[in-house]
Amino acid sequence: MKNTALTNIHKKLGAKIVPFAGYNMPVSYEGVNIEHQTVREKLGVFDVSHMGEFLISGPNALELIQKISSNDASKLKDGKAQYTYLPNKTGGIIDDLIIYRMNEEKYLLVVNAANIDKDWNWISENNTVNADIKDLSEEYALLAIQGPKAIEAMQSLTEVDLKAIKFYNFEIGKFAGQEHVIISATGYTGSGGFEIYCKQDQVEAIWKKVLEAGEDYGIKPIGLAARDTLRLEMGFCLYGNDIDEETSPIEAGLGWITKFSKDFINAEALKKEKEEGPKRKLVGFELTQKGIPRKGYSIKNKDGEEIGEVTSGTMSPSTGKAIGLGYVKTPYSKKGEEIRIQIRKKEVDAVVVKTPFYKGE
């Protein structure tokens, strides 16, 4: 197992450390519910340095990105970011990721930790245009400072106007006394804030200053367990749960980042699937009886016939409801559809709802 530059600090803070995507990561400090509500109401800081970073550069950088990714990166301007995915050749998803445009010939790709090697090999195999690609994953650390108080609390650490950075935009500047830091208005929680990309030797100093600057605002370190409940309340897909090599982006509801105005890997097959309509769809649901849905549980219709499977589920700390995501046969995917979740030996009533589950204040 690898450690992040902050692993020893997490241990001193009393974090429960678990193996995750090849790293020793803090899953919780005080408990998932406390940490979750801290992000919803105040602000929290996550160490997500296990994520991967690739730099694609040179005159053919955009050509390679357009070939391997589903969204249209030609629409990006300097300082803008874009959510996208890497399609495979059989209708599934190699990974979902964020692309940051530094300039016309320089793009940073941020990929999921568990997929770093797989993504790197895939991009390398498909780099027929000789773009320059570098794996910077070991060089970079990443902190996510999330919550409604994040901008106010962190403004003292930088001359960059944090309020002026719009969603999915970024600035490069001085932050917490460290030079050349990427300050990005992205995140995975639905409660605002931003992400900080820095070099490994800068992250410990930044972490300390972030906690100091946020102290009067109620900041806490947050673990991966709360990161999962926060993203699930927003209905965001988690790679390995809700999307993978076997799931289609069309059935996963990712048609909005699938741009057929350009050519990319497996575009024709995905276009056909979109036109014909997928046989199943990823839906959000809420239990109307007691119980907690978990990944792998069977989804049934009112007659007890199996129609799908749960991919993510939890007791939502913000809403107090048991919520989940799962794939169901398309006829059962409409909002208001009554379904049942097989929880051990009992079928528990649920209803299909529109995501996000958490709507904010």
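Rules of the game
Residues numbered from 1 in each chain as written. Predicted model: local features only at pLDDT ≥ 70, side-chain atom pairs only at ≥ 80, totals over all residues. Heavy atoms only, no water. UniProt positions renumbered as here; feature names shortened; annotations may be inferred. Helix = DSSP H or I, 4+ residues; strand = E, 2+ residues; numbered from the N terminus. Buried < 20%, exposed > 50% of the residue type's maximum accessible area, 1.4 Å probe, protein only. Contact = heavy atoms within 4.5 Å. Core = buried A, V, L, I, M, F, W, Y, C linked by side-chain atoms within 4.5 Å. Pairing = 2+ DSSP bridges. Axes fitted to C-alpha atoms, helices over the stretch in contact; angles between N-to-C directions. Polar contact = N/O pair within 3.5 Å; in protein donor to acceptor, adjacent residues only side chain to side chain.

Draft legend 1. Inspection of the UniProt feature "domain: GCVT N-terminal" (unreviewed entry) in the protein chain at higher detail. Residues given the UniProt feature "domain: GCVT N-terminal" (unreviewed entry) here are residues 7-262. The span residues 7-262 shows a helical share of 25% and a strand share of 31%, and its end C-alpha atoms are spaced 43 Å apart.

Draft legend 2. Focus on helix α3 (residues 61-68). Looking at α3, one finds that the buried residues are A61, L64, I65, Q66 and I68. Considering only its buried residues, α3 is in contact with β5 (52-57), β6 (81-87), β7 (93-103), β8 (106-111), α4 (116-125) and β9 (132-135).

Draft legend 3. Representation of the nonpolar core in the model. Formed by 46 residues in total, the largest nonpolar core has its most connected members in F46, V48, Y100, L108, Y197, I243 and L254. Once residues lying within four places of it in the same chain are set aside, the contact partners of F46 are V39, L142, L143, A144, Q146, T189, W207, I222, G223, R227 and L230.

Draft legend 4. Focus on the sheet that holds strand β14 (residues 220-222). With mixed pairing, six strands are arranged side by side in an open sheet as β11-β12-β13-β10-β4-β14. Bordering the open sheet on either side are β11 (170-175) and β14, each of which pairs with just one other strand. Between one strand axis and the next, the sheet turns through 30 degrees on average, direction left out of account. Inspection of the sheet shows strand β10 (residues 140-146) paired to strand β13 (residues 193-199) by seven bridges, in the antiparallel sense. Across the sheet, A144 pairs through a bridge with E195, a residue of β13. Lying over the sheet, helix α2 (residues 32-41) contacts β4 (44-47), β10 and β14, oriented at roughly 115 degrees with respect to β14.

Draft legend 5. Representation of the side chain of Q342 within the structure. With respect to the helices and strands, the residue Q342 is situated in strand β19 (residues 338-343). Accessibility expressed as a relative area gives 18% for Q342, which makes it buried. At 2.9 Å, the side chain of Q342 and the backbone oxygen of R344 are in polar contact. The residues touching Q342, leaving out its near neighbours within four places in the chain, are Y297, S298, K300 and E347.

Draft legend 6. Up close: the environment of P87. Mapped onto the elements of the fold, P87 is located in strand β6. On the basis of relative accessible area, P87 is assigned to the buried category, the value being 0%. Expressed as a C-alpha distance, the spacing of P87 and L55, which sit 32 residues apart in the sequence, is 19 Å. Sequence-distant contacts of P87, that is, excluding residues within four places in its chain, are made with I68, S69, S70, G92, I94, W122, F264, I265 and L270.

Draft legend 7. Examining unusual backbone geometry more closely. The omega torsion across T355 and P356 is 5 degrees, close enough to zero to call that bond cis. By the element assignment, P356 lies in the segment after β20 (346-353). In the Ramachandran plot, A21 falls in the positive-phi region, its phi being about 50 degrees despite a non-glycine side chain. You can see A21 is positioned in the loop between β2 (16-20) and β3 (23-28). Although it is not a glycine, A176 adopts a positive phi angle of roughly 55 degrees. By the element assignment, A176 lies in the loop between β11 and β12 (178-184).

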